[in-house]
Amino acid sequence: QKAIEGKKRVIDVLECTDHNPGSPGEGFKRYSINIVGGGLSPAVLQVGNSMRWLGKGVRYEFAAYIEVLTNKAYECTIEFPEDDVTVDAVTREVVKEPKRYTIMQAQNTVFMGDKVPFAPNAKLDDGLMDLVLISYGSRITFINTIDAAKKNKHLEADNVTYIQCKEFTMTP
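Residues numbered from 1 in each chain as written. Predicted model: local features only at pLDDT ≥ 70, side-chain atom pairs only at ≥ 80, totals over all residues. Heavy atoms only, no water.

> Mind showing me how you'd approach the environment of Ala63 here?
Within the element layout of this structure, Ala63 appears in helix α2 (residues 59–70). Spatially, the C-alpha atom of Ala63 lies 23 Å from that of Cys76, the residues being 13 residues apart in sequence. Not counting the four nearest positions on each side in its chain, Ala63 is found in contact with Val44, Val47 and Gly48. (Helix = DSSP H or I, 4+ residues; strand = E, 2+ residues; numbered from the N terminus. Contact = heavy atoms within 4.5 Å.)

> Got a minute to help me understand unusual backbone geometry in this structure?
Note: most peptide bonds trans; most residues except glycine with negative phi. If you check the backbone angles, Asn71 has positive phi at about 55 degrees while not being a glycine. By secondary structure assignment, the location of Asn71 is in the loop between α2 and β4 (74–79). Positive phi, close to 60 degrees, is recorded for Asn152, a residue that is not glycine.

> Please clarify how the nonpolar core should be interpreted in this entry.
For soluble globular proteins, nonpolar side chains are generally found buried alongside one another. Counting 18 residues, the largest nonpolar core has Leu40, Ile103, Phe118, Val132, Ile134, Phe142 and Ile146 as its most contacted members. Secondary-structure elements contributing two or more residues to this core are α1 (40–49), α2, β6 (129–135) and α4 (139–150). Residues within four places of Phe118 in sequence aside, it is in contact with Ile103, Gln105, Gln107, Val110, Met112, Val132, Ile134, Ile146, Ala149, His154 and Tyr162. The next biggest cluster of nonpolar side chains, apart from the first, holds 16 residues, and it includes Ile78, Val95, Met129 and Leu131. (Core = buried A, V, L, I, M, F, W, Y, C linked by side-chain atoms within 4.5 Å. Buried < 20%, exposed > 50% of the residue type's maximum accessible area, 1.4 Å probe, protein only.)

> What am I meant to see in the side chain of Asn108 here?
Considering the arrangement of structural elements, one finds Asn108 in the loop between β5 (99–107) and β6. A distance of 3.2 Å separates the side chain of Asn108 from the backbone oxygen of Asp12, its partner in a polar contact. (Polar contact = N/O pair within 3.5 Å; in protein donor to acceptor, adjacent residues only side chain to side chain.)

> Honestly, α2 in this entry has me stumped. Any pointers?
Owing to its 3.6 residues per turn, the α-helix aligns residues three or four sequence positions apart on the same side. Between its first and last C-alpha atoms α2 spans 16 Å; for twelve residues at 1.5 Å apiece the expected length is 16 Å, and the two agree. Listing the buried residues of α2 in full gives Arg59, Ala63, Glu67 and Val68. Take α2 and look down its axis: the buried residues cluster within an arc of 170 degrees, on one side only. Exposed residues on α2 whose side chains face more than 90 degrees from its buried face are Tyr65 and Leu69. Taken together, the buried residues of α2 touch α1, β4 and α4. Of the residues flanking the end of α2, it is Asn71, one or two places downstream, whose phi is positive at about 55 degrees. (Expected span 1.5 Å × (residues − 1). Arc of directions from axis to C-beta.)

> So what exactly am I meant to see when it comes to the environment of Thr91 here?
Following the sequence through the fold, Thr91 ends up in helix α3 (residues 89–96). The sequence separation of Thr91 and Gln46 amounts to 45 residues, and the corresponding C-alpha distance is 31 Å.

> Sorry, what's going on with α1 here?
For α1, the full list of buried residues reads Leu40, Ser41, Ala43, Val44, Val47 and Gly48. All buried residues of α1 fall inside an arc of 165 degrees around its axis, so they share one side. Those residues of α1 hidden inside the fold are in contact with β3 (35–39), α2, β4, β5 and α4.

> Help me out: how do you make sense of the state of the cysteines in this one?
In a disulfide, the sulfur atoms of two cysteines are covalently bonded to one another. Per the stated rule, a full pass over the model turns up zero disulfides. Cys16 forms no disulfide, and the closest cysteine sulfur to it belongs to Cys76, at a distance of 12 Å. Judged by its relative accessible area of 32%, Cys16 is partly exposed. Cysteine Cys165 shares no disulfide, and the gap to the nearest cysteine sulfur, in Cys16, comes to 13 Å. On the basis of relative accessibility, which here comes to 0%, the residue Cys165 falls in the buried class. (Disulfide = S-S within 2.5 Å.)

> Explain the side chain of Arg59 here, please?
Within the secondary structure layout, Arg59 lies in helix α2. Of the side chains bearing the opposite charge, Glu61 lies closest to the buried Arg59, which forms no salt bridge; the N-O distance is 11 Å. For Arg59, the side chain forms a polar contact with the side chain of Tyr60, separated by 3.2 Å. If we skip the residues at most four places from it in the chain, Arg59 touches Gly48, Asn49, Met51, Arg52 and Leu54. (Lys, Arg positive; Asp, Glu negative; His and termini not counted. Salt bridge = Lys/Arg side-chain N within 4 Å of Asp/Glu carboxyl O.)

Below, the structure is given as C-alpha cells:
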C-alpha cells in the first residue's frame, strides 16, 4: 500500500564480495535486499535451475530432497569486525574456528522459501543482517531443524546459531 501511495522507506542492502584470490568471481560484488546464502541454499538453487524440464512447481523441492540426501558439509570460518559491538565475544570465538555447516545464510527479511520464518528477528531497516548457521549433522537432525523452523522453533535447537551483525567475513 505504501508503495502505491508513493511513500519512501530506506532499507538495508546486503553486499557480498568475493575475496577468494584466483577465483573466477574475485572482486565481484553482488547485492541483495533479501537473502545471501551459503551451503545448501545455493546448492538447491543450482540443482533446481538445471531441472527446468520439471516445471516451476516441483523442481526446487525435488532439488532440496536431492541435496538433503547428499548431506554435504560446508566448512568455513566466520569473522566480524572488531568494532561491531553487536556480536559478543563467545560467539566470535565459536565461529572463527573452522566448522562444518549445512546452511550459512544472512537475511534482511524474516521469511525464506515458502514462508518459513528462518530469521524471525530480521528487520529491513535496522542496519543489521541476521546470520543463521545450521551446524552439520545427520540428515534427520537437519530435517527436524527445518521442521522446527517452519514453526519458528529452530532457534531453540543446539545446532542453530543466530547472530545479528553489521558485517561478517566468511572464508571457506
